[in-house]
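Spelled out, the chains give:
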Amino acid sequence: MNTALADSTSALAPLGSVGAALNDAFRRILFLPEQASTVAVKVDQLHFFELGLMSLLAAAVGVVGIWFAFRYRQRVAGERTPELVAPLWLELGGALGLLLIFLFWWLLAFRQFVFEKEAPSTAMDVYATGKQWVWKFAYPEGRSSAGVLFVPAGEPVRLLLTSRDVIHSFYVPAFRIKQDAVPGQYTSVWFQAKHPGAYQIFCAELCGVGHSRMWGKVVALDPSDFERWQSGWNPDDAQLADLGIDLGDAVAGDADPFGSAAHGADLAREGLRAATGRGCMRCHTVDGTPHIGPTWRGLFGRVETMKDGSTLRVDEAYITESMMDPEAHIVAGYQPVMPSYLGEISAPETAAIVEYIRTLKAPVPPDSVSPPPAGPVTLTVDSTSQPEERR
Ligand code: CUA
């Protein structure tokens, strides 16, 4: 199978089958796994370019060194090497050449960095939590899983990563992505799997005695199979094998790949339940009116002015920080009265509350039902304001 041939993300694509063969040869020489994501080819080819350029430069220095050793050898006893002064054009030209090589390289790498960091706006968000020693995933439609991350092949997926205990690092070699998961913070990484299949996940940050077994698999399903999975289908090993997917020993320890937490329930609904249970609604409204704390309606994505005059865009990281370390950034006009929930509130609850706040878009949809600030507990989520760019 020569997938690189038709791969428009490959810089060697214009070379046709020669380019594909070159790409494959380099990959094998370096013992790299398959290039299973759209970014993998780019990462590899930047790597090949760097190695190739360095090899050429090293070879050039070697050749010049050998030639100099011959050219300036001692021909008679006591002969002294004449003093050599390079002409100015050669010195300046050499410096300029090096600068141009550096700029070209920087340009290539920067373009790639931007591609790697900026998730497409159509990306599906999945919350990923690392804990000693398993990866857990919560999906927007309400399913959850542990050890196995289910995604649609050929579609972009953004992971919002956090940790419940220590720093972990989410690493999928076949996708060429690696991102730390930090307690009390959200980090993100995105990828697009090129084909259905199972791809190894490792933890790449020493996180305790179970670190070496903190692994899992990304299972990329055909989009139609992924839809089925989201609506509750739990494929067994034989059914996965029919799809050409081998889970192997993907799931370590006691992880249940199909999870039970929040099963069948919408993540935002879980978030409302958690927020109500934790008493958030005593100080925050969801109808747009400020109370003891800022309203959650339209909060996500808003630019808030802080007490010290600085401004901040409300994102997953800011909301999480506000829960864990409320006094770090106080919005102008409010008192620092919010207690810290660090250690009180679990990571899945945090993710669910963040997801709930994300769904509260401004203005209030006319037919929405929202819980009163301090009223009885009601379980309603205005489904009309589900983020429309996500499926
Ligand atoms: Cu988690 Cu190493």
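It should be emphasised that the depicted structure is a prediction, and the values quoted were computed from it without experimental measurement.

Cut-offs and rules
Residues numbered from 1 in each chain as written. Predicted model: local features only at pLDDT ≥ 70, side-chain atom pairs only at ≥ 80, totals over all residues. Heavy atoms only, no water. Helix = DSSP H or I, 4+ residues; strand = E, 2+ residues; numbered from the N terminus. Buried < 20%, exposed > 50% of the residue type's maximum accessible area, 1.4 Å probe, protein only. Areas by Shrake-Rupley, 256 points an atom, 1.4 Å probe, with all protein chains shown as cover. pLDDT = per-residue confidence, 0-100. Contact = heavy atoms within 4.5 Å. Pairing = 2+ DSSP bridges. Axes fitted to C-alpha atoms, helices over the stretch in contact; angles between N-to-C directions. Patch = residues over 30% accessible without salt bridge, like charges linked within 9 Å, V, L, I, M, F, W, Y side chains within 5 Å. Salt bridge = Lys/Arg side-chain N within 4 Å of Asp/Glu carboxyl O. Core = buried A, V, L, I, M, F, W, Y, C linked by side-chain atoms within 4.5 Å. Polar contact = N/O pair within 3.5 Å; in protein donor to acceptor, adjacent residues only side chain to side chain.

1. Some words on the overall build of the protein chain
Right, on to step 1. Helix and strand content of the protein chain: eight helices and twelve strands.
Right, on to step 2. Burial statistics for the protein chain: of 391 residues in total, 41% are counted as buried.
Right, on to step 3. Carbon and sulfur atoms form 60% of the exposed surface of the protein chain, whose accessible area is close to 20700 Å².

2. Focus: the confidence of the model for the protein chain
Right, on to step 1. Averaged over all residues, the pLDDT of the protein chain is 81; the fraction at 70 or higher stands at 84%.
Right, on to step 2. Looking over the protein chain, one finds the lowest element-wise mean pLDDT in helix H6 (residues 267-277), namely 78, and the highest in strand S6 (residues 168-172), namely 95.
Right, on to step 3. In the predicted structure, residues 252-265 sits below a pLDDT of 50 and forms 32 contacts with residues beyond four places in sequence or in another chain.
Right, on to step 4. Residue range residues 371-391 is modelled with pLDDT below 50. Its contacts to residues more than four positions away, or to other chains, number 52 contacts.

3. Some words on the sheet that holds S6
Right, on to step 1. Taken in spatial order, the five strands line up as S4-S10-S9-S6-S7 in an open sheet, and their pairing is mixed. Because the sheet does not close on itself, it has two edges, and the strands there are strand S4 (148-152) and strand S7 (177-181). Ignoring strand direction, the axes of neighbouring strands in this sheet form an average angle of 25°.

4. Details of the pairing of strand S9 (residues 197-203)
Right, on to step 1. Burial of the side chains of S9 is restricted to one face: Gly197, Tyr199, Ile201 and Cys203 are buried, whereas none of Ala198, Gln200 and Phe202 on the reverse face is.
Right, on to step 2. Of the strand pairs in this sheet, S6 and S9 are connected by two bridges, and their pairing is antiparallel. Along S9, the bridge assignment pairs tyrosine 171 with phenylalanine 202.
Right, on to step 3. The sheet contact formed by S9 and strand S10 (residues 216-221) spans five bridges and is antiparallel. Bridging across to S10, glycine 197 finds its partner in alanine 220.

5. Observations concerning unusual backbone geometry
Right, on to step 1. Each neighbour pair has its own omega, and for glutamine 132 with tryptophan 133 the value is 0°, a cis peptide bond.
Right, on to step 2. By secondary structure assignment, the location of tryptophan 133 is in the loop between strand S1 (124-131) and strand S2 (134-138).
Right, on to step 3. Residues other than glycine seldom take positive phi values, yet phenylalanine 31 does so here, at roughly 55°.
Right, on to step 4. Along the chain, phenylalanine 31 falls in the loop between helix H1 (16-29) and helix H2 (38-71).
Right, on to step 5. Of note in the backbone geometry, arginine 176 takes a positive phi value of approximately 60° without being a glycine.
Right, on to step 6. One can find arginine 176 in the loop between S6 and S7.

6. Let's talk about a nonpolar patch on the surface
Right, on to step 1. On the surface, a cluster of nonpolar side chains totalling about 990 Å² of accessible area is made up of Leu96, Leu99, Leu100, Phe102, Leu103, Trp106, Leu107, Phe110, Phe113 and Val114.
Right, on to step 2. For leucine 96, the location among the structural elements is in helix H3 (residues 88-117).

7. Looking at the nonpolar core
Generally speaking, soluble globular proteins have nonpolar side chains that are buried together.
Right, on to step 1. By size, the foremost hydrophobic cluster in this structure holds 40 residues, and its most contacted members are Leu149, Phe170 and Phe175.
Right, on to step 2. Other than its neighbours up to four places away in sequence, leucine 149 contacts Val126, Phe137, Tyr139, Leu159, Phe170, Phe191, Ile201, Lys217, Val218 and Val219.
Right, on to step 3. Counting 31 residues, the second largest nonpolar core, distinct from the first, contains Ala138, Leu312, Ile353 and Leu360.

8. Looking at helix H7 (residues 316-324)
Right, on to step 1. Judged by how many residues are buried, H7 sits mostly within the fold: seven of nine residues are covered.
Right, on to step 2. Every buried residue of H7 is accounted for by Glu316, Tyr318, Ile319, Thr320, Ser322, Met323 and Met324.
Right, on to step 3. Elements in contact with the buried residues of H7: strand S5 (156-163), strand S12 (311-313) and helix H8 (347-359).
Right, on to step 4. Sitting at the head of H7, aspartate 315 places a side-chain oxygen 3.2 Å from the backbone nitrogen of alanine 317.

9. Examining the sheet that holds strand S8 (residues 187-192)
Right, on to step 1. Read across the open sheet, the five strands follow the order S3-S2-S1-S5-S8; overall the sheet is mixed. The open sheet is flanked by strand S3 (144-146) and S8, the only strands paired with a single partner. Direction aside, neighbouring strands of the sheet carry axes that sit 25° apart on average.
Right, on to step 2. One ladder, built from three bridges, connects S2 with S3; its direction is antiparallel. Its bridge partner being in S3, phenylalanine 137 is matched across the sheet by serine 145.

10. Notes on the side chain of histidine 168
Right, on to step 1. Within the secondary structure, histidine 168 is located in strand S6.
Right, on to step 2. The class for histidine 168 is buried, based on a relative accessible area of 0%.
Right, on to step 3. Ignoring sequence-local partners within four residues, the contact set of histidine 168 consists of Gly130, Lys131, Gln132, Trp135, Ser163, Gln179, Asp180, Ala181, Cys203, Glu205, Cys207 and Met214.

11. Re the pattern of salt bridges
Right, on to step 1. Following the criterion strictly, the structure yields ten salt bridges and no others.
Right, on to step 2. A salt bridge links arginine 28 to aspartate 24, with the nearest nitrogen and oxygen atoms 3.1 Å apart. On the criterion of helical spacing, the pair formed by arginine 28 and aspartate 24 is a turn pair, its members being four residues apart in helix H1.
Right, on to step 3. As a salt-bridge pair, glutamate 316 and arginine 158 come within 3.4 Å of each other at their nearest N and O atoms. Pair noted here: glutamate 316 is in helix H7 and arginine 158 is in strand S5, with a separation of 158 residues, a long-range link.
Right, on to step 4. Residues joined by salt bridges that share partners form a network here, namely Asp125, Arg158, Glu316, Glu355 and Arg358.

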